[in-house]
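Here are the chains, one letter per residue:
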Amino acid sequence: MIYAIRTLVGQEKNVARLIGRNVKNSGIEVNSILVPESLRGYILVESSTKIDMQNPAFKVPHMKGAIEGEIPYEEVKSFLNPEPILASVQKGSIVELISGPFKGEKAKVVRIDESKEDVVLELIEAAVPIPVTVKGDQIRLIQKEAD
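A few points on the structure. Values in this document were obtained by computation on a predicted structure and should not be read as measured data. (Residues numbered from 1 in each chain as written. Predicted model: local features only at pLDDT ≥ 70, side-chain atom pairs only at ≥ 80, totals over all residues. Heavy atoms only, no water.)

1. Concerning the layout of surface pockets
A water-sized probe, rolled over the atoms, reveals where empty space remains.
Okay, so step 1: Estimated volume of the second largest pocket: approximately 160 Å³.
Okay, so step 2: Contributing to the lining of the second largest pocket are Tyr3, Ala4, Lys50, Ile51, Met53, Gln54, Ala66, Ile67, Glu68, Gly69 and Glu70.
Okay, so step 3: Residue composition of the lining of the second largest pocket, by class: 6 nonpolar, 2 polar and 3 charged. (1 Å grid on protein atoms, 1.4 Å probe; cavity = no way out; pocket = protein on both sides within 12 Å on 5 of 7 lines; lining within 4 Å. Points joined across faces, edges and corners; volume = space filled by probe spheres on them. Nonpolar A, V, L, I, M, F, W, Y, C, P; charged D, E, K, R; others polar.)

Spelled out as structure tokens, the structure:
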């Protein structure tokens, strides 16, 4: 059985750690806790028995509540083997940098080096177009290949 728990966006890992620690100390049977990066604001909890979300072990800061019912395994499969970020990015795509010194900046993809998983970008709002090379996990796709 897989259950979804709503959290504050950005606090998913903290909530998962707290629930993991509380569950371990209280003896509740939880097999795994999944924090999918593509599903912001939610964590998934797997258990072989029905979980009572009213249990004090599940009352942790930054947790908003639980989604009623269980989630079928077929819906969760896509989070277990996510497609690589670079698979959906093409030359000319608009991306946002999510880490590093240019965090929050929008950029256009100039070149993709799949062997190194590097992406060469041109910052959109920069006065002078300077190529910036970043790792593929430091970007988030906003718009596929601009027209």
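2. Quick look at the pairing of strand β3 (residues 42–46)
Okay, so step 1: Where strand β1 (residues 2–7) meets β3, 5 bridges bridge the pair, whose relative direction is antiparallel. Bridged to Ala4 within β3 is Leu44.
Okay, so step 2: Direction of pairing for strand β2 (residues 32–34) relative to β3: antiparallel, over a ladder of 3 bridges. Within the sheet, the bridge partner assigned to Ile33 lies in β3 and is Val45. (Pairing = 2+ DSSP bridges. Helix = DSSP H or I, 4+ residues; strand = E, 2+ residues; numbered from the N terminus.)

3. Thoughts on the pattern of salt bridges
Okay, so step 1: For the coordinates displayed, the defined rule picks out 2 salt bridges.
Okay, so step 2: Its salt-bridge partner being Glu96, residue Arg140 comes within 2.5 Å of it at the nearest N-O pair. Of the two residues, Arg140 sits in strand β9 (residues 139–143) while Glu96 sits in strand β5 (residues 94–97), which places them 44 residues apart along the sequence.
Okay, so step 3: Under the relative-accessibility criterion, Glu96 is labelled buried at 18%.
Okay, so step 4: We note a salt bridge from Asp118 to Lys135, for which the minimum N-O separation is 3.2 Å. Taken as a pair, Asp118 in strand β7 (residues 118–123) and Lys135 in strand β8 (residues 131–135) lie far apart in primary sequence, 17 residues in all.
Okay, so step 5: Classification of Lys135 by relative accessible area gives partly exposed; the value is 41%. (Salt bridge = Lys/Arg side-chain N within 4 Å of Asp/Glu carboxyl O. Buried < 20%, exposed > 50% of the residue type's maximum accessible area, 1.4 Å probe, protein only.)

4. As for the side chain of Ser93
Okay, so step 1: Position of Ser93 relative to the elements: it lies in the loop between α3 (85–88) and β5.
Okay, so step 2: Side-chain polar atoms of Ser93 contact the backbone oxygen of Gln90, separated by 2.9 Å. (Polar contact = N/O pair within 3.5 Å; in protein donor to acceptor, adjacent residues only side chain to side chain.)

5. A word on the sheet that holds strand β4 (residues 63–66)
Across a sheet, strands are paired by hydrogen bonds formed along the backbone, either parallel or antiparallel in direction.
Okay, so step 1: In space, the 4 strands of this open sheet follow the order β2-β3-β1-β4, with antiparallel pairing throughout. One side of each edge strand has no neighbouring strand; the edge strands of this open sheet are β2 and β4. Within the sheet, the average angular offset between the axes of one strand and its neighbour, ignoring direction, is 25°.
Okay, so step 2: Contacts between helix α2 (residues 73–80) and the sheet are confined to β1, β2 and β3, with β2 contributing the most and set at about 65° to the helix. (Axes fitted to C-alpha atoms, helices over the stretch in contact; angles between N-to-C directions. Contact = heavy atoms within 4.5 Å.)

6. Focus: the sheet that holds β9
Okay, so step 1: Strand order across the open sheet formed by 5 strands is β8-β7-β6-β5-β9, with antiparallel pairing between neighbours. Looking at strand neighbours, the two that pair on one side only are β8 and β9, the edges of this open sheet. Direction aside, neighbouring strands of the sheet carry axes that sit 45° apart on average.
Okay, so step 2: As defined by bridge partners, strand β6 (residues 106–113) adjoins β7 across 6 bridges and the pair is classed as antiparallel. Residue Lys108 lies in a different strand from β7, and its bridge partner there is Glu122.

7. Considerations on unusual backbone geometry
Okay, so step 1: The residue His62 is not glycine, and still its phi comes out positive at about 70°.
Okay, so step 2: Position of His62 relative to the elements: it lies in the loop between β3 and β4.
Okay, so step 3: In this structure, Glu117 takes a positive phi of about 60° despite not being glycine.
Okay, so step 4: For Glu117, the location among the structural elements is in the loop between β6 and β7.

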